Protein chains: 2
Amino acid sequence: MAVTIRDIAKQAGVSVATVSRSINSATKNQVREETRKKIFEIIKKYNYFPDQIARSLSTRKTRVLGLCMPFRASVFSSDYFTGIIIGAIESARRLGYELKIVLLSETARGLDISDVNKTSAIDGALLVGTRIEDELLPVFRNSDAPWILVNNYSENDDGKTNFVDCDNKKGAYDAVNYLFDMGHREIAFIKGPADSRNANDRFAGYMKALKKNGIKSDKSLFRTGDFTEKGGYLAAQELLADKNNITAVFCADDEMAVGALQAVKDKGLNCPKDISIIGFDDIRLSRYVDPPLTTVRQPIYEIGKVAAQMLVHIVEGKIQTPVSKVLQTELIERDSCAIAARK
Amino acid sequence: MAVTIRDIAKQAGVSVATVSRSINSATKNQVREETRKKIFEIIKKYNYFPDQIARSLSTRKTRVLGLCMPFRASVFSSDYFTGIIIGAIESARRLGYELKIVLLSETARGLDISDVNKTSAIDGALLVGTRIEDELLPVFRNSDAPWILVNNYSENDDGKTNFVDCDNKKGAYDAVNYLFDMGHREIAFIKGPADSRNANDRFAGYMKALKKNGIKSDKSLFRTGDFTEKGGYLAAQELLADKNNITAVFCADDEMAVGALQAVKDKGLNCPKDISIIGFDDIRLSRYVDPPLTTVRQPIYEIGKVAAQMLVHIVEGKIQTPVSKVLQTELIERDSCAIAARK
DNA sequence: CTGAAAGCGCTTACAG
DNA sequence: CTGAAAGCGCTTACAG
């Protein structure tokens, strides 16, 4: 049988209340040092660890954060998933929290986030990988349970959401300006899925940059991908077949950029000589393809880190909500973009 | 205030016991259908969800599995980490469990796995990324709490450990035979860290294949890497400087193989013409380097899946321990190996 | 500084 | 088929 606080109390000749006070940093000063010392000896001797479950039932706090996400392949894209988790777990750990992965059912059965909290025994939620279609957001908003939207805030949002994200629009804007400065005028764009908020913001950034540079947008220059390599390949293939005067393509994520790169090669064209390609995210693979991909880096690890930290602050009531943080992207120049070829 | 079982009982005009029985599949048949129906109406009406914490305290089961690992970079290598987690979480979910990530402190302070279970509120542990130096294993063995060693079993082990792993020795053996059949006789080996069990088993497989083919092992053909790309690069560089007659190098993981490939290129040599390279794991990157890497595929997703499933079976007492499963590796032929060049 | 007692929200023998 | 009651292992007002 496991040793409980009762056993310790009995052996130390004190009440369970005194043992409890001794082992909780907030109350340990209420106990005479000498008493505490004796208690800790007994604790050590019996190798006692307080039961976290009992503690939670009593305090109504679990000290665990939920990383909540739909079970969708794109969320689990290795670099993204790993980055968020490691960032989050580092913060959590430092602040004395653990991390639990909770999968949201695809069939969003009107689950309220406070239900998630109760059924999953978490103090707060990091909401990752949502899409507009999930319709998770509206219902989450009606909850007073602490949660943070990670990486899917939209500038068209309601202003009441806690979130951390990178500046998708600005990142895309920068990418297009970069291409423009290299002389590109016919810049194609491969969008992400229509129901992805950050995909939309990236598109908005593209449009904004076009406008600023006096280029009028041309619908025949857009294609929609699904954030996968294959989707990028297909979209680029179409683009290359239709329009022979494009000199650059901006992809809403690196996966699609990798696919687009392959399409360019398969068409017998050279990147960057004939076509420049620029991606978004800076996944590990970007450095290894040939040519290495120029891209807009999203500080994913930082995002996870900041998000978890922020969530803990909310949970502990140390911060006023709504709260948010927008991290900056960084243009990473590699070899997939070059001065626009004369056409 | 959240609604509790009391509220439901009161509204339904029954006792909490009856409500409790109704909502637990194991006991729901003890309740008259009519009564149950009424109870569920009330539950729905009040949007009641049973508190998992209270349940856990009462049943002494949490229905969460712990993915326990040291906080070490190599564990978090994207493909590995993601593969294990997704595999594990899928099994867990299907069986009604959740997954919590618990970081083991580097400074292994004599933590017993049963303590982990108590302090982390988990029913069982998946032990990932351990090294011999961790000295976690011996202490874990003294515990009766359910746990499974993932991916680090050694054939020299005690036979009492629950584990799932791939057949590292056999995989390495296959790789070397493959090279031998292509005419290679001077086959270098870049080992993993000395305190990694699977690294050692892979080395053992290499040695076994050498012996079987009548090649005597040559110490000058071994180098030790650290499972990272950089380590592989450095080791290969040394190898290439020292021995000019090697025609192939087998790397204990793909990360090192990618590094080795770069070293070969930097030396002005061609892979596979001058030097064949073969890796282990089949990480995503392997398909993208130039030339694409021939490697020994480790079914990492399957490993996570089987491990979680096995753990649940142990936790629920449905299976006799010790229990284990060894999954087979698969040689993936790509373009980094060729017939040995005459020297 | 310390203890007795109530309470956190469930489950489950026990009795009927 | 149902209920009253004890119990899971803690924390925390309350009283002294």
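These numbers come from a predicted model, not from an experiment.

Draft legend 1. Seen up close, the relation of the copies chain A and chain B. Superposition record for chain A on chain B: RMSD 0.0 Å, screw rotation 180°, translation along axis 0.0 Å. Here the symmetry operator amounts to a two-fold rotation axis. Measuring from the rotation axis to each C-alpha of chain A, the shortest distance belongs to K100 of chain A, at 2.1 Å. Counting the interface residues of chain A, we find that 100% of their copies in chain B are interface residues as well, pointing to one common contact surface.

Draft legend 2. Focus on the protein's contact with DNA strand D. Close to DNA strand D lie 28 residues; S20 and S58 of chain A together with T18, R21 and T35 of chain B are nearest. A share of 64% of the atoms of DNA strand D within 4 Å of the protein falls on sugar and phosphate groups. Contact distances for DNA strand D include 2.6 Å between a sugar or linking oxygen and a side-chain N or O atom of S58 of chain A. Taken together, the elements giving at least two residues each to the surface near DNA strand D come down to α2 (16-23) and α4 (52-59) of chain A together with α2 (16-23) and α4 (52-59) of chain B. In terms of residue count, α4 of chain A provides more of the surface near DNA strand D than any other element does, four residues in total.

Draft legend 3. Local environment of the interface of chain A and chain B. Each partner contributes residues to the interface: chain A has 47 residues there, and chain B has 47 residues. Across the chain A to chain B interface the summed buried area is about 4,200 Å²; carbon plus sulfur atoms make up 61%. Connecting chain A to chain B are eight salt bridges. The partner of R284 of chain A in a salt bridge is E255 of chain B, and the shortest N-O contact between them spans 2.7 Å. Seen at the junction of chain A and chain B, the total is 13 residue pairs in polar contact (both at pLDDT 80 or more). Counting residues per element, the ones that place at least two in the side of chain A that touches chain B are α4, α5 (78-94), β2 (98-104), α6 (113-120) and α11 (254-266) of chain A. With nine residues, the single largest contributor to the side of chain A that touches chain B is α5 of chain A. Taken together, the residues of the side of chain A that touches chain B break down into 25 nonpolar, nine polar and 13 charged. Looking at chain direction, β2 of chain A and strand β2 (residues 98-104) of chain B are connected through three bridges and run antiparallel. Counted as the bridge partner of L99 of chain A is I101 of chain B from β2 of chain B.

Draft legend 4. Molecular detail of the protein's contact with DNA strand C. Around DNA strand C sit 28 residues in total, of which T18, R21 and T35 of chain A together with S20 and S58 of chain B are the nearest. Of all DNA strand C atoms lying within 4 Å of any protein atom, the proportion belonging to sugar or phosphate reaches 64%. One nitrogen or oxygen atom from the side chain of R21 of chain A is found 2.3 Å from a base oxygen belonging to DNA strand C. Here the surface near DNA strand C gets four residues from one element, more than from any other, and that element is α4 of chain B. Its residues assigned to classes, the surface near DNA strand C comprises 11 nonpolar, 11 polar and six charged.

Draft legend 5. Broad picture of the pattern of salt bridges. All names here are of chain A. Counting across every chain of the model gives 26 salt bridges over all chains. Residues R223 and E238 are paired through a salt bridge, measuring 2.7 Å at the closest nitrogen-oxygen approach. Residue R223 is found in strand β7 (residues 222-224), and its partner E238 is found in helix α10 (residues 229-242); the two are separated by 15 residues along the sequence. Judged by its relative accessible area of 13%, R223 is buried.

Draft legend 6. Structural context of the sheet that holds strand β8 (residues 248-251) of chain B. Residue and element names in this part refer to chain B. In spatial order, the strands read β7-β6-β8-β9-β10-β12; together these six strands make up an open sheet with mixed pairing. Looking at which strands have only one partner, the edges of the open sheet turn out to be β7 (222-224) and β12 (330-332). The average angle at which neighbouring strand axes cross in this sheet is 20°, direction not considered. In terms of strand pairing, strand β9 (residues 276-281) meets strand β10 (residues 294-297) through four bridges, oriented parallel. Residue pairing in the sheet places F280 in a bridge with V296 of β10. Against the sheet, helix α8 (residues 168-181) engages β6 (187-191), β8, β9, β10 and β12, with an angle of about 165° to β9. Along the sheet, helix α10 (residues 229-242) contacts β6 and β7; its crossing angle with β6, the most-contacted strand, is approximately 150°.

Draft legend 7. Structural detail: the environment of E90 of chain A. Looking at where E90 of chain A falls in the secondary structure, it is placed in helix α5. Through-space distance from the C-alpha of E90 of chain A to that of Q309 of chain A is 9.3 Å; in sequence the pair is 219 residues apart. Those residues within four positions of E90 of chain A in sequence are excluded, and the remaining contacts are Y301 and K305 of chain A together with F71 of chain B. In terms of polar contacts, E90 of chain A uses its side chain to reach the side chain of Y301 of chain A, at 2.6 Å.

Draft legend 8. Geometry of the packing of aromatic side chains. For the structure shown, the criterion picks out 15 aromatic pairs over all chains. Note on F189 of chain A and F203 of chain A: the rings are 5.4 Å apart at their centroids and 40° apart in plane angle, and the pair reads as tilted. Taken together, the positions of F189 of chain A in strand β6 (residues 187-191) and F203 of chain A in helix α9 (residues 197-212) put the pair 14 residues apart, joining distant regions of the chain. Each member of the pair, F189 of chain A as well as F203 of chain A, carries the same accessibility label: buried. Lying over the aromatic face of F180 of chain A, R185 of chain A brings its terminal NZ or CZ to 3.6 Å of the ring centre. The ring of F203 of chain B carries the charged tip of K191 of chain B above its face, separated from the ring centre by 4.3 Å.

Draft legend 9. The arrangement of helix α8 (residues 168-181) of chain A in detail. Residue and element names in this part refer to chain A. Along its 14 residues, α8 runs 20 Å from first to last C-alpha, staying within 8% of the 20 Å computed at 1.5 Å per residue. Counting buried positions along α8 gives 10 out of 14 residues, so the element sits mostly inside the fold. Every buried residue belonging to α8 is among N168, G171, A172, Y173, A175, V176, N177, Y178, L179 and F180, and all of these are buried.

Draft legend 10. Summary view of the domain arrangement of chain A. All names here are of chain A. Domain annotation of chain A identifies domain 1 (5-50), domain 2 (64-166 + 300-328) and domain 3 (168-298). Taken together, the contact between domain 2 and domain 3 spans 18 residues of the former and 16 residues of the latter. A combined buried area of about 1,500 Å² lies between domain 2 and domain 3, and 40% of that area is made up of carbon and sulfur atoms. Those elements that place two or more of their residues in the side of domain 2 that touches domain 3 are α7 (136-141), β5 (163-166) and α12 (300-315). Across the side of domain 2 that touches domain 3, the residue classes break down as six nonpolar, five polar and seven charged.

Draft legend 11. Just the nonpolar core, in detail. Residues I277 of chain A together with I277 of chain B are the most contacted members of the largest nonpolar core, which totals 171 residues. When residues no more than four places from it in sequence are discounted, the contact partners of I277 of chain B are V249, C251, A257, A260, L261, V264, C271, L293, T294, S336 and C337 of chain B.

Draft legend 12. Structural view of a negative patch on the surface. Residues D290 and D335 of chain A together with D290 and D335 of chain B make up a contiguous surface patch of negative charge. Classification of D335 of chain B by relative accessible area gives partly exposed; the value is 46%.

Draft legend 13. Up close: unusual backbone geometry. All names here are of chain A. Note that the residue after C271, namely P272, is joined by a cis bond; omega there is 15°. By the element assignment, P272 lies in the loop between α11 and β9 (276-281). For N151, which is not a glycine, the phi torsion comes out positive at approximately 70°. Assignment of secondary structure puts N151 in the loop between β4 (147-150) and β5. Among the residues examined, N151 registers a relative accessible area of 2% and is labelled buried. With a phi close to 65°, D282 is a non-glycine residue in the positive phi region. With respect to the helices, strands and loops of the structure, D282 is situated in the loop between β9 and β10 (294-297). Looking at D282, the relative accessible area reads 18%, which means it is buried.

How each quantity is defined
- Residues numbered from 1 in each chain as written.
- Chains lettered and ligands numbered in written order.
- Predicted model: local features only at pLDDT ≥ 70, side-chain atom pairs only at ≥ 80, totals over all residues.
- Heavy atoms only, no water.
- Least-squares fit on C-alpha atoms with pLDDT ≥ 70 in both.
- Contact = heavy atoms within 4.5 Å.
- Near = heavy atom within 4 Å.
- Polar contact = N/O pair within 3.5 Å; in protein donor to acceptor, adjacent residues only side chain to side chain.
- Helix = DSSP H or I, 4+ residues; strand = E, 2+ residues; numbered from the N terminus.
- Buried area = accessible area lost by both parts, 1.4 Å probe.
- Salt bridge = Lys/Arg side-chain N within 4 Å of Asp/Glu carboxyl O.
- Nonpolar A, V, L, I, M, F, W, Y, C, P; charged D, E, K, R; others polar.
- Pairing = 2+ DSSP bridges.
- Buried < 20%, exposed > 50% of the residue type's maximum accessible area, 1.4 Å probe, protein only.
- Axes fitted to C-alpha atoms, helices over the stretch in contact; angles between N-to-C directions.
- Phe/Tyr/Trp six-rings, centres within 6.5 Å; stacked < 30°, edge-to-face > 60°.
- Lys NZ or Arg CZ within 6 Å of the ring centre and 35° of its normal.
- Expected span 1.5 Å × (residues − 1).
- Domains from an automatic or database assignment.
- Core = buried A, V, L, I, M, F, W, Y, C linked by side-chain atoms within 4.5 Å.
- Patch = residues over 30% accessible without salt bridge, like charges linked within 9 Å, V, L, I, M, F, W, Y side chains within 5 Å.
- Areas by Shrake-Rupley, 256 points an atom, 1.4 Å probe, with all protein chains shown as cover.
- Lys, Arg positive; Asp, Glu negative; His and termini not counted.
- Charge placed at Lys NZ, Arg CZ, Asp CG, Glu CD.

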